[in-house]
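Listed below, chain by chain, are the residues.
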Amino acid sequence: MKTLLLTAATGAGHISAANAVEEYIRENTGWDVRTVDCLKAVGRLLDKTVCDSYLFMAKKVPPVFGSLYKRTNKQNLFSSLVPRLSRLFSNMLYPAIEGYDPDVIITTHPFATEMVAALKAEGLVNAPLVCIITDYGAHRAYIAREVDAYVVASEDMVPELMDFGVPKEKIYPFGIPVHGVFFDPQDQGMLLRQLNLDPDLPTLLFMAGSFGVSGIIKLYRDLAETQVKMQIIVITGRNQKLFDAFEKEIQSNQAIPTRLLYFTDEVEKYMHAADLLVTKPGGLTVSEALACNLPMAVFDAIPGPEEDNAKFLKTHDMCVRIEKDGNFAQEISRLLEEKHRLQAMRNNCAEFDKSQSIPNLLALMGQLVKKVPAGARS
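Conventions and cut-offs
Residues numbered from 1 in each chain as written. Predicted model: local features only at pLDDT ≥ 70, side-chain atom pairs only at ≥ 80, totals over all residues. Heavy atoms only, no water. Core = buried A, V, L, I, M, F, W, Y, C linked by side-chain atoms within 4.5 Å. Buried < 20%, exposed > 50% of the residue type's maximum accessible area, 1.4 Å probe, protein only. Helix = DSSP H or I, 4+ residues; strand = E, 2+ residues; numbered from the N terminus. Contact = heavy atoms within 4.5 Å. Pairing = 2+ DSSP bridges. Axes fitted to C-alpha atoms, helices over the stretch in contact; angles between N-to-C directions. Salt bridge = Lys/Arg side-chain N within 4 Å of Asp/Glu carboxyl O. 1 Å grid on protein atoms, 1.4 Å probe; cavity = no way out; pocket = protein on both sides within 12 Å on 5 of 7 lines; lining within 4 Å. Points joined across faces, edges and corners; volume = space filled by probe spheres on them. Nonpolar A, V, L, I, M, F, W, Y, C, P; charged D, E, K, R; others polar. Polar contact = N/O pair within 3.5 Å; in protein donor to acceptor, adjacent residues only side chain to side chain. Right-handed = clockwise from strand over helix to strand, strands pointing away. Disulfide = S-S within 2.5 Å.

Q: Is there a simple way to explain the nonpolar core in this structure?
A: One broad trend across soluble globular proteins is that nonpolar side chains are buried collectively. Counting 72 residues, the largest nonpolar core has Tyr 150, Leu 161, Met 271 and Leu 290 as the members making the most contacts within it. By residue number, the principal contributor to this core is helix 6 (residues 110-121), which donates 5 residues. Every residue in contact with Leu 161, bar those within four places of it in the chain, is listed here: Ile 133, Ala 138, Ile 143, Tyr 150, Val 152, Val 166 and Ile 171.

Q: What should I look at first to understand the sheet that holds strand 9 (residues 258-261) in this one?
A: Taken in spatial order, the 6 strands make up an open sheet running 9-8-7-10-11-12, and their pairing is parallel. In the strand order of this sheet, the two ends are held by strand 9 and strand 12 (319-321), each with one partner. Each strand of the sheet is rotated relative to its neighbour by a mean of 20 degrees, with strand direction disregarded. Along the sheet face, helix 13 (residues 305-315) touches strand 11 (296-298) and strand 12 and points at about 125 degrees away from the line of strand 12.

Q: In this structure, what is going on with the pattern of salt bridges? I would like to understand it.
A: When the charged atoms of two side chains lie near each other, side chains of opposite charge can form a pair. In this structure the tally under the stated criterion is 12 salt bridges. One salt bridge connects Lys 120 with Asp 148, and the closest N-O pair in it is separated by 3.4 Å. Here Lys 120, found in helix 6, pairs with Asp 148, found in the loop between strand 4 (129-132) and strand 5 (149-151); they are 28 residues apart in sequence, far enough to count as distant. Here Glu 249 ties to Arg 221 by a salt bridge, and the two come within 3.0 Å at their closest N and O atoms. Linking Glu 249 in helix 10 (residues 240-252) with Arg 221 in helix 9 (residues 213-224), this pair joins segments that are 28 residues apart in sequence.

Q: Explanation requested: empty space enclosed by the protein in the structure shown.
A: Empty pockets left among the atoms are what a rolling probe the size of a water molecule brings to light. One pass over the structure, following the stated rule, counts 1 cavity of 30 Å³ or more. One number sums up the size of the largest cavity: a volume of about 60 Å³. Lining the largest cavity, in full, are Tyr 136, Ile 176, Val 178, Phe 183, Ser 287, Leu 290, Ala 291, Phe 352 and Lys 354. A per-class count over the lining of the largest cavity returns 7 nonpolar, 1 polar and 1 charged.

Q: How should the side chain of Asp 37 be read in this particular structure?
A: Tracing the chain through its elements places Asp 37 in strand 2 (residues 32-37). In this structure Asp 37 comes out as buried when scored by relative accessible area, which is 15%. Separated by 3.0 Å, the side chain of Asp 37 and the backbone nitrogen of Leu 39 make a polar contact. Only 3.2 Å separates the side chain of Asp 37 from the backbone nitrogen of Lys 40, close enough to count as a polar contact.

Q: Looking at this structure, how should I read the pairing of strand 9?
A: The side chains of a regular strand alternate between the sheet's two faces. Relative to strand 9, strand 8 (residues 231-235) is paired through 4 bridges, and the arrangement is parallel. Across the sheet, Val 234 pairs through a bridge with Leu 260, a residue of strand 9. For the crossover from strand 8 across helix 10 to strand 9, the handedness is right-handed.

Q: Looking at this structure, I do not really get the state of the cysteines. What am I missing?
A: In a disulfide, the sulfur atoms of two cysteines are held together by a covalent bond. According to the stated counting rule, one finds 0 disulfides in the structure shown. Distance from the sulfur of Cys 349, which forms no disulfide, to the nearest cysteine sulfur (Cys 319) is 8.8 Å.

Q: Looking at this model, I keep getting lost on the sheet that holds strand 2. Mind explaining?
A: As a general point, the strands of a sheet are linked pairwise by backbone hydrogen bonds and lie either parallel or antiparallel. With parallel pairing, the 6 strands of this open sheet are ordered in space as 2-1-3-4-5-6. Looking at the sheet topology across the chains shown, the edges are occupied by strand 2 and strand 6 (171-172). Sheet analysis places strand 4 next to strand 5, joined by 3 bridges and oriented parallel. Paired with Cys 131 across the bridge in strand 5 is Tyr 150. Most of the contacts of helix 6 go to strand 4, to which it runs at about 165 degrees, and overall it touches strand 1 (2-7), strand 3 (104-107) and strand 4. Across the sheet, helix 16 (residues 357-371) is in contact with strand 1, strand 3, strand 4, strand 5 and strand 6; its angle to strand 5 comes to roughly 175 degrees.

Put into structure tokens, the structure is as follows:
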């Protein structure tokens, strides 16, 4: 079976979900699979405009991003902007689809979903369309009548999509696809010893690449002033300015044993080694942490999708939320001291088991393809 994955680089989660599905298909089936960035396929100008605009709003003016997110999530003239723009560009995406001639199309981005839906409405594409929503809240931009199935993060999202008019039988709460290594159990003590850290000390993991330098350094200093014994792993994720600032801070302040990393492609190892993850609540990071049964302390949620993710985690007691005017160090210290509370949060993460997300997705794809008459797919 030929599978086309369509994604876009507005945030790492869309691409990572597509990559996880592609990797699983390549390693476990004999199917042919291809991943295409739909914005790049349409043209470099559109790709740069959309991606740069997203990054600017999300990082520099998040309230503006949140306002746009909310306005486009309501039924009004403004909310129809994304579908209309997507339809304008859908014919420019069509050659990438026609040239591959897929049996099934998987989308992990709303723009890709709308473009394929428009092509299906015109009769140019007949292959089943499966949309994967890569956050823990639904948004109207993903919704199109031509979508054959929605794969969503949790059961909580079923009524949300139904409110948008999606039939219940089209909604599958399989979970956001993540790479299998995050589900593989690891010996925490062994991992900590390999990192030259103490297996008997509580371990915080800072996924800090998207934080502002001054803010995250202050949080680190505040933790160093508490009386609670702990150790910290910091991953700055190609943020050179932040890495340099942490390196300088660690050299001058040795109150907390700290392991500093610039970048790693073994994030799962550090998640399995940690007791608590300090992070912004992006859909990708949240899903990977949940796969590792790792509770979170989340803050600086971007209004919109990250806010939805944070609310989901808090509702199910899998995180603590740190507000901007809250006492970060006090909240974290209290949580590390209350080991029973931290363990309860870890248990809640473990109960949210989406380890079969991709196998379930592949079974669904097979069922949908069988429903399409032979020779009818584009």
